[in-house]
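Tertiary structure, described
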Amino acid sequence: MEARTQKQSAGSRHTAAIDDPSASQNVAEGLPAAQVWDSIYAALYAAYGPQHWWPAETRFEMIVGAYLTQATSWRSVERSLNNLRAAGLLSIAGIRRTPEEELRAWIRPSGFAQRKAASLHAFVRFLDRQYRGSLNQLRQQHPTIAREQLLSLPGVGPETADAILLYALDHPAIVVDEYLRRVSRRHGLSSGLSSGKLFDEKLRDMAARMLRQRRLHSTEREDAGEFHALIVEVGKRHCRATAQCAGCPLEKFLPSTRSGAEVYDKF
Ligand code: SF4
């Protein structure tokens with residue numbers, strides 16, 4: 001109920017910005033959606049600069065972080081990672097040899113310890129069974145197959161799988177998270193959809209197409225990494241549950257009228 005109230009409040013504030021032509025001077029109306037996303041990416045990069053994600057010292061640490069960050073803040077994740085690091089367990093071998101009950105205690109700060117400990121063990125078992133315990137071997141797997149395998153593991157949904165593919169395995173995956181959905185919906189880029197698997201798939205396709213068409217960086221992988229990090233940044237600073245459009249680098253891309261929200265309604 002509370003979440004619903006927040007959503008309604010966010011919607012009405014955003015609609016006020018859309019209905020007031022002076023509230024935004026849209027610079028991209030009429031452009032194909034991929035081009036609008038491209039402009040959004042460029043504007044965020046100009047505003048925030050390179051993000052150089054993911055905050056982890058090793059690929060495996062990044063994977064552990066991707067599991068632990070589900071449904072919790074990064075600050076809580078850091079406390080769990082610090083526990084594991086201090087205990088000398090932040091490695092494949094460390095997780096492998098740690099009994100599940102003990103692992104739960106180390107990762108308790110990031111919540112859902114029972115489920116997350118079981119999922120981390122399942123990941124290491126998968127790596128041992130399919131790739132001889134080697135992340136490098138997993139990196140050499142075709143990304144489509146690797147994605148399917150990751151999605152078949154407990155505790156791994158599309159967002160976690162794509163974050164692992166992108167930041168730990170160096171594939172140009174698109175991470176569809178709540179921040180990206182919000183920006184898409186609020187800027188009329190959601191093709192009439194507001195949630196669901198189809199919405200996420202269309203968003204992923206759209207962003208992938210945009211990154212292929214024009215690059216800010218030397219590789220598609222680098223672009224994908226920066227794009228996700230920048231969307232998270234604008235989400236944390238402005239595009240929260242209640243949108244704070246004033247001063248946002250994407251304010252100029254807001255639809256200038258209610259009907260303008262339909263302008264980009266094509267993926
Ligand atoms: S991205 Fe910025 S301008 Fe766009 S809806 Fe969110 S807060 Fe408003």
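Residues numbered from 1 in each chain as written. Predicted model: local features only at pLDDT ≥ 70, side-chain atom pairs only at ≥ 80, totals over all residues.

Within the protein chain, the regular secondary structure consists of 13 helices and zero strands. Traced from its N-terminal end to its C-terminal end, the protein chain shows the element sequence α-α-α-α-α-α-α-α-α-α-α-α-α. Here the contacts in the protein chain between residues at least 6 apart in sequence split such that 67% fall between residues at least 24 apart. (Helix = DSSP H or I, 4+ residues; strand = E, 2+ residues; numbered from the N terminus. Contact = placed C-beta atoms within 7 Å.)

A word on the site of the ligand. The local shell around the ligand holds 14 residues, among which Arg186, His238, Cys239, Cys245 and Cys248 are the closest. Of the residues in the shell around the ligand, the class split is eight nonpolar, four polar and two charged. (Near = placed C-beta within 6 Å. Nonpolar A, V, L, I, M, F, W, Y, C, P; charged D, E, K, R; others polar.)

We now examine the packing of helix α6 (residues 100-107) against helix α7 (residues 113-131). Viewed as axis vectors pointing N to C, α6 and α7 meet at an angle of 120°, and their least axial separation amounts to 9 Å. What the angle tells us is that α6 and α7 run oblique. Crossing hand, α6 versus α7: right-handed. Where α6 abuts α7, its residues Glu100, Leu103, Arg104 and Ile107 lie against Ala113, Gln114, Lys116, Ala117, Ala118, Leu120 and His121. Split into classes, the residues belonging to the contact of α6 with α7 amount to six nonpolar, two polar and three charged. (Axes fitted to C-alpha atoms, helices over the stretch in contact; angles between N-to-C directions. Parallel < 35°, antiparallel > 145°, perpendicular 65-115°, else oblique. Left-handed = near helix turned anticlockwise from the far one by under 90°.)

For the rest of this paragraph, the subject is helix α3 (residues 59-68). With eight of 10 residues buried, α3 is to be regarded as a mostly interior element. Within α3, burial applies to Phe60, Met62, Ile63, Val64, Gly65, Ala66, Tyr67 and Leu68. (Buried ≥ 20, exposed ≤ 12 C-beta atoms within 10 Å, placed from the backbone.)

On average, the protein chain scores 85 in pLDDT, and the residues at 70 or more come to 85%. For residues 1-25, every residue scores under 50 in pLDDT, and the model assigns this stretch 27 contacts once sequence neighbours within four places are set aside. Taken as a whole, residues 258-267 scores under 50 in pLDDT and shows 28 contacts with residues more than four places along the chain or in a different chain. (pLDDT = per-residue confidence, 0-100.)

The geometry of helix α11 (residues 178-186) relative to helix α13 (residues 220-237) is characterised by a closest axis approach of 9 Å and an angle of 75° between their N-to-C directions. When the axes of α11 and α13 are compared, the pair comes out roughly perpendicular. Contact with α11, carried on its side by Tyr179, Leu180, Arg182 and Val183, involves Ile231, Val232, Val234 and Gly235 of α13 and no other residues of that element. Considered class by class, the residues forming the contact of α11 with α13 number six nonpolar, one polar and one charged.

In a soluble, globular protein the nonpolar side chains are often hidden away together inside. Ranked by size, the top nonpolar core spans 65 residues in total, and within it Trp37, Ile63 and Ile164 carry the most contacts. Among the elements that take part in this core, helix α2 (residues 33-48) stands out by supplying eight residues, more than any other. Taken domain by domain, the makeup of this core includes at least three residues from each of domain 1 (15-52 + 175-262) and domain 2 (59-168). Apart from residues lying up to four places away in sequence, isoleucine 164 is in contact with Ile63, Ala66, Leu150 and Leu169. (Core = buried A, V, L, I, M, F, W, Y, C linked by C-beta atoms within 7 Å. Domains from an automatic or database assignment.)

Here we take up α6. Buried residues of α6: Leu103, Trp106 and Ile107, and no others. Buried residues in α6, looked at end-on, bunch into an arc of 85°, giving them a common side. Of the residues in α6, the exposed ones pointing more than 90 degrees away from the buried face are Glu101 and Glu102. Buried residues belonging to α6 abut α3, α4 (74-86), α5 (92-97) and α7. (Arc of directions from axis to C-beta.)

With that settled, the discussion passes to the environment of alanine 168. Mapped onto the elements, alanine 168 comes out in helix α10 (residues 158-168). Residue contacts for alanine 168: discarding those within four places in its chain leaves Arg59, Met62 and Ile63.

A word on unusual backbone geometry. With omega at 5°, the peptide bond leading from tryptophan 53 into tryptophan 54 counts as cis. Tracing the backbone through its elements, the reader meets tryptophan 54 in the loop between α2 and α3. In this model, alanine 71 sits at a positive phi of 60°, which is unusual for a non-glycine residue. Tracing the backbone shows alanine 71 in the loop between α3 and α4. A count of 11 C-beta atoms within 10 Å places alanine 71 in the exposed class. A positive phi angle, near 50°, is found at arginine 132, a position not held by glycine. By the element assignment, arginine 132 lies in the loop between α7 and α8 (135-140). Among the residues examined, arginine 132 registers 10 C-beta atoms within 10 Å and is labelled exposed.

It is worth spelling out the environment of proline 154 at this point. The topology assignment puts proline 154 in the loop between α9 (143-151) and α10. Residue proline 154 is classed as exposed on the basis of its C-beta count, with 12 C-beta atoms lying within 10 Å. Sequence separation between proline 154 and serine 119 is 35 residues, and the spatial gap between their C-alpha atoms is 5.6 Å. Not counting residues within four places of it along the chain, the set of residues in contact with proline 154 comprises Ala118, Ser119 and Ala122.

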